[in-house]
Amino acid sequence: MVKFEFMSQDMKLPLIGMTLPQLKEVVAELGMPGFSAGQIAQWLYEKRVTDIEEMTNLSKANREKLAAKYCVGRYAPSNEMRSIDGTVKYLFTTADGQAVESVYIPDDDRATLCISSQKGCKMGCKFCMTGKQGFNGNLTAAEIVNQVLSIPESTTLTNVVFMGMGEPMDNFDEVLKVLKVMTEKWGFAWSPKRITVSSIGKLDTLRRLLDETSVHVAISVHSPYHEERLSLMPVEKPYPVRDVMKCLRQYDFAHQRRLSVEYIMWSGLNDDDTHAQALVDLLAGSNSRVNLIRFHAIPGVNLKTTDEQRMVAFRDYLNKKGVIATIRRSRGEDIFAACGMLAGKVKKK
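Rules and cut-offs
- Residues numbered from 1 in each chain as written.
- Predicted model: local features only at pLDDT ≥ 70, side-chain atom pairs only at ≥ 80, totals over all residues.
- Heavy atoms only, no water.
- Helix = DSSP H or I, 4+ residues; strand = E, 2+ residues; numbered from the N terminus.
- Buried < 20%, exposed > 50% of the residue type's maximum accessible area, 1.4 Å probe, protein only.
- Contact = heavy atoms within 4.5 Å.
- Pairing = 2+ DSSP bridges.
- Axes fitted to C-alpha atoms, helices over the stretch in contact; angles between N-to-C directions.
- Salt bridge = Lys/Arg side-chain N within 4 Å of Asp/Glu carboxyl O.

### A few points about the side chain of N146
Next, step 1: In this fold, N146 is placed in helix α5 (residues 141-149).
Next, step 2: Here N146 falls in the buried class, since its relative accessible area comes to 0%.
Next, step 3: Those residues in contact with N146 that sit more than four places away from it in its chain are I16, G73, R74, Y75 and F92.

Set out below in structure tokens:
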């Protein structure tokens, strides 16, 4: 039976989520040889051990030194819900008792994990179940990496998307550590092309993501009009979407990196041809592609999803105007499909 150490058990510090420079600081502090940092990284991220005692190329004395203050930090999901379409929603309970979600999405030869970066969210988007729960703190790099390492399908993942609970750019330092763990040679050694980070357009840290990483980027737009978007997404006030797109045009999204635009469609609100043309104008020169998304209803929100015929017409309008657009297939609608709904149900209980 696999042993998982819950990090709050004895208040030891988790090793997962640490970068190689951080691990070098750990071994230096404990008087261990400098090369031990690389060995520990290999045990954590390549061999994926769950207990320090499994790090057998460290001497017993050094394992004891390490275990006195640190633990691997892995812990299993506390709950799960499985959809008839193969989607699995996992619930992780953090050391302070908060619930966060990850969603595993198999699709032909792809296996994507959607992970969370915060406990709740402070962005306050009208249509978001996570935002309705309020903000309960940032996830640590260890808590984010654990979502990737501790699901049963971990070793078969082909892609990870930061589109779960929270705004990744509002917890950027921890998210950046995780991206290093996932892409550096001493970590998972993934190509950045396997990772997409979503944002509602928090420009100060979005610029850092663009400058310091090569991962794909997804921007939540949902309306091309300032006042309308502001009514849906308070972030429009400090970071207008036109300023966000102006910033994004400065980066190369034609070759190694991809820019996606997320656009949830609501009946009678943002789904007519006028909106489609305004979206074409907004995205001009950005080399972006649009994902049209069905709205998953949440309690207390009087918005209705657009019907299939209108979504197809909207998609075709964009494509005729030279903007690549697709309709994202709905997954997991039978298992609290909207992000944050399972966590919200547990919190309410």
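### Overview of the environment of I40
Next, step 1: With respect to the helices and strands, I40 occurs in helix α2 (residues 36-46).
Next, step 2: What makes I40 buried here is its relative accessible area of 0%.
Next, step 3: Separated by 182 residues in sequence, I40 and H222 have C-alpha atoms that sit 44 Å apart.
Next, step 4: Here I40 is in contact with L15, L23, V27, M32, M55, L58 and L66, once residues within four sequence places are set aside.

### Observations regarding the environment of A313
Next, step 1: When you line up the elements, A313 lands in helix α11 (residues 308-320).
Next, step 2: Residue classification places A313 among the partly exposed residues on the basis of a relative accessible area of 29%.
Next, step 3: Residues A313 and F127, spaced 186 residues apart in sequence, show a C-alpha to C-alpha distance of 23 Å.

### Comments concerning the sheet that holds strand β11 (residues 216-220)
Next, step 1: A sheet is described by the order of its strands in space; here ten strands give the open sequence β3-β4-β5-β6-β9-β10-β11-β12-β13-β14, paired in mixed fashion. In this open sheet, the two strands that pair with only one neighbour each are β3 (79-82) and β14 (325-327). Recorded for the sheet is a direction-independent mean angle of 20 degrees between the axes of neighbouring strands.
Next, step 2: Bridge analysis of strand β4 (residues 88-93) against strand β5 (residues 99-107) gives six bridges, and the strand direction is antiparallel. Its bridge partner lying in β5, T93 is registered against A99.

### Structural notes on the pattern of salt bridges
Next, step 1: Evaluated as defined, the whole model comprises 19 salt bridges.
Next, step 2: Its salt-bridge partner being E53, residue R63 comes within 3.1 Å of it at the nearest N-O pair. Here R63 is found in helix α3 (residues 60-69), whereas its partner E53 is found in the loop between α2 and α3, with ten residues between them in sequence.
Next, step 3: Overall, the relative accessible area of 11% leaves R63 in the buried class.
Next, step 4: We classify E53 as partly exposed; its relative accessible area is 44%.
Next, step 5: Residue D170 pairs with K202 through a salt bridge whose shortest N-O separation is 3.9 Å. Of the two residues, D170 is situated in the loop between β9 (159-162) and α6 (172-183) and K202 in the loop between β10 (195-199) and α7 (203-212); the sequence distance between them amounts to 32 residues. K202 matches D170 in its accessibility class, with the two residues each being buried.
Next, step 6: Ionic contacts of the salt-bridge type, sharing partners, join the residues K122, D170, K202 and D204 into one network.

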